Amino acid sequence: MINKSKKNLNKNITSLLNKDYQYGFSTKIEHEVIDKGINTETILLLSNKKKEPFYLLEFRLEAYQQWKKMKEPVWANLKFPEIDYQDIVYYSAPKIQEKVRNINEINPELLLTFKKLGVPLSEQKRVNNLAVDVVFDSISVITTFQQELKKYGIIFCSISEAISSFSKIVQKFLGTIVPIGDNYFSALNSCIFTDGSFCFIPENVKCPLDISTYFRINDKKSGQFERTLIIANKNSSVNYLEGCTAPQYDVNQLHAAIVELITLENAIIKYSTIQNWYSGNKFGIGGIYNFVTKRGLCLGERSQISWTQVETGSSITWKYPSCVLLANYTQGEFYSIALTDYYQQSDTGTKMYHIGKKSKSRIIAKGISAGKSKNSYRGLTNISKKAFNTRSYSQCDSLLIGNSSNANTFPSLIIQNSLIKIEHEAITSQIGEEQIFYFLQRGICLEKAIEIMINGFCQEVFRMLPLEFLAEADKLLNLKLEGSVG
């Protein structure tokens, strides 16, 4: 039974991202920046500013050397102007002396921003059951409920704080599942990443709160390059929620992040995200370029990683949350809704690498294309020679709205042994005149009819969203599709 506190949280979360999409406000806050461009000097300045240990400086410099030798990928089904990486501000932070420890210390202008967004920063009441790390441009400004989580042995803080206070853990796991040279954008992030979240769940602990990170790009000239690292020890579990917004600028901004999830024996990580970066106006001007590498490693037997995402923002999206099922009896899941409208372009999907015996994967991907947008699903299921008795199921459905949108599916199945069971299906459909006529004849208006059909199409993914995001996701999709039909 849904209690009153959860209902109140739904209302808060509904306003969390929608308000910014509707009004696109930008908070005028004085920023401290490192000059545009990326080079060795920039990396040294950044590392020195963050007072990082020497091993991390070496990590950054090695990544920079690899990045210089790499070329930007061109295989994705995306078209956009060439990015000038020397015209980007890689570090931009609101001028505050240091990370604050309670809400009363926050810069009033920052506090006003998060109040408008509906982000729950107060610890006076625990009705939200949510601990939040807030990343504003290049720094984390506050993390709530740290002391309460500490009582359970749980470490939840910014990645910068973890590097300083829990350096050995970070050094052990950073870059283990997303290596420095994995791809062009992961190499870029590895040499210039600024802040993000870190969470370590100790053995035999179920996290009593959902943990969350809220990412906000506010500075017009800067990009955001956060890093998230979550480790679930033996027999532990955690639910992680991610939200993100940016103001409506008429120039493009770059977001290139890395997320690494690691589960040990019998551990579970459920990672949910609603991406609502600014997607550009109806003429395709402005918006975020979102190039993200997210990957999970099921390192211990019977461990599980589940990705659930709703993608509605970004002018360009390049993103493939993936699982490496290394140990036996491991399980990876991917549930996704990708919505594009106007001139948005999205090339997203997932990769499931089956290495352990009797591992399982399940992929449910829903793509919705409207306006003149282009929406592509790109998936890979790779079953190794020794992954005996493995099972994998994929369902990739596309829904077209209007006559000018575009939907594509690019599935890849690599099977290296015969003692497995694998299924794949894909359907492309269109909202037709007959369906709309059926609703209109029963007194249901056009917008409501579209809402009902979209809800039904996405229901299988909606069921996997945490309660905190469910109402928000449904309303966000309907908001984004207003005026797309008719």
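Before going into details, it helps to say that this report is about the structure given with it. The structure displayed is predicted, hence computed values, not measured ones.

Quick notes on the state of the cysteines
The bond known as a disulfide is covalent and runs between the sulfur atoms of two cysteines.
Next up, step 1: According to the stated counting rule, one finds 0 disulfides in the structure shown.
Next up, step 2: There is no disulfide at Cys298, and the cysteine sulfur nearest it, in Cys323, is 5.6 Å away.

A few points about the packing of aromatic side chains
Next up, step 1: Scanning all chains against the criterion turns up 18 aromatic pairs.
Next up, step 2: Arranged with centres 5.6 Å apart and planes meeting at 45°, the rings of Trp67 and Tyr184 form a pair that is tilted. Taken together, the residues Trp67 in helix α3 (residues 54-69) and Tyr184 in helix α8 (residues 184-192) connect sequence positions 117 residues apart. Here Trp67 matches Tyr184 in class, with each residue buried.

Considerations on the pattern of salt bridges
Next up, step 1: Following the criterion strictly, the structure yields 11 salt bridges and no others.
Next up, step 2: When the shortest N-O distance is used, the salt bridge between Arg60 and Glu52 registers 2.7 Å.
Next up, step 3: Residue classification places Arg60 among the buried positions, given a relative accessible area of 0%.
Next up, step 4: The residue Arg295 makes a salt bridge to Asp182 at a minimum N-O spacing of 2.9 Å. Residue Arg295 is found in strand β13 (residues 287-298), and its partner Asp182 is found in the loop between α7 (167-173) and α8; the two are separated by 113 residues along the sequence.

Topic: the environment of Ser272
Next up, step 1: You can see Ser272 is positioned in strand β12 (residues 268-275).
Next up, step 2: Ser272 gets classed as buried once you look at its relative accessible area, which sits at 4%.
Next up, step 3: In sequence terms Ser272 and Ser306 are 34 residues apart; their C-alpha atoms lie 8.2 Å from each other.

Some points on the sheet that holds strand β19 (residues 360-369)
Next up, step 1: If you walk across this open sheet you meet the 10 strands as β4-β3-β7-β9-β12-β14-β17-β19-β21-β23, and the pairing is mixed. A single partner strand is all that each edge strand has here, and the edge strands are β4 (139-143) and β23 (420-430). Geometrically, the sheet is characterised by an average inter-axis angle of 10° between neighbouring strands, direction not taken into account.
Next up, step 2: In this fold helix α10 (residues 446-462) packs onto β14 (304-311), β17 (331-340), β19 and β21 (390-400), with an angle of close to 155° to the strand it touches most, β19.

As for the nonpolar core
Next up, step 1: One finds Tyr85, Leu188, Ile192, Phe198 and Leu254 to be the most contacted residues of the largest nonpolar core, which totals 61 residues.
Next up, step 2: The element best represented in this core is α3, accounting for 7 residues.
Next up, step 3: When neighbours within four sequence positions are excluded, Phe198 is seen to be in contact with Ile155, Phe156, Cys157, Ser158, Ile159, Ala162, Ile169, Val170, Leu229 and Ile231.

What to know about the pairing of strand β3 (residues 130-136)
Next up, step 1: Burial of β3 is extensive: 7 of the 7 residues sit out of reach of the surface.
Next up, step 2: Residues Leu130, Val132, Val134 and Phe136 line one face of β3 and the alternating positions Ala131, Asp133 and Val135 line the opposite face, and both faces are buried.
Next up, step 3: Summarising the sheet, β3 and strand β7 (residues 210-216) pair through 7 bridges and their orientation is parallel. Residue pairing in the sheet places Phe136 in a bridge with Arg216 of β7.
Next up, step 4: Of the pairings in the sheet, the one linking β3 to β4 comprises 4 bridges and is antiparallel in character. Bridge pairing links Asp133 to Thr143 in β4.
Next up, step 5: Linking β3 back to β4 in an antiparallel pair, the connection comprises 2 residues, with Asp137 at a positive phi of about 55°.

About the cut-offs
In this numbering scheme, every chain counts its residues from 1 along its sequence in written order. The predicted origin of the model limits local features to residues at a pLDDT of at least 70 and limits the giving and counting of side-chain atom pairs to 80 or more, whereas totals for whole chains, interfaces and linings rest on all residues. Only hydrogens and water are set aside; all other atoms, that is, all heavy atoms of the structure, feed into the side-chain values. Count a disulfide wherever a pair of cysteine sulfur atoms falls within 2.5 Å. Paired rings are identified among Phe, Tyr and Trp, the last through its six-membered ring, by centres lying within 6.5 Å, and are further divided according to the angle between planes into stacked (under 30 degrees), edge-to-face (over 60) and tilted (the rest). A run of H or I in DSSP counts as a helix once it spans at least four residues, and a run of E counts as a strand once it spans at least two, with each numbered from the N terminus. Summary of the burial criterion: residues with accessible area below 20% of their type's maximum are buried, those above 50% are exposed, and those between are partly exposed, where the area comes from a 1.4 Å probe applied to protein chains only. Throughout this description, the term salt bridge denotes a Lys or Arg side-chain nitrogen within 4 Å of a carboxyl oxygen of Asp or Glu. Paired strands, as defined in this entry, are two strands with at least two bridges between them according to DSSP. Fitted lines through C-alpha atoms serve as axes, helices being fitted only where they are in contact, and the angles separating the N-to-C directions of these axes extend from 0 to 180 degrees. It only takes one pair of heavy atoms within 4.5 Å for two residues to be counted as in contact. We define the nonpolar core as a collection of buried residues of types Ala, Val, Leu, Ile, Met, Phe, Trp, Tyr and Cys that are connected through side-chain atoms lying within 4.5 Å of one another.

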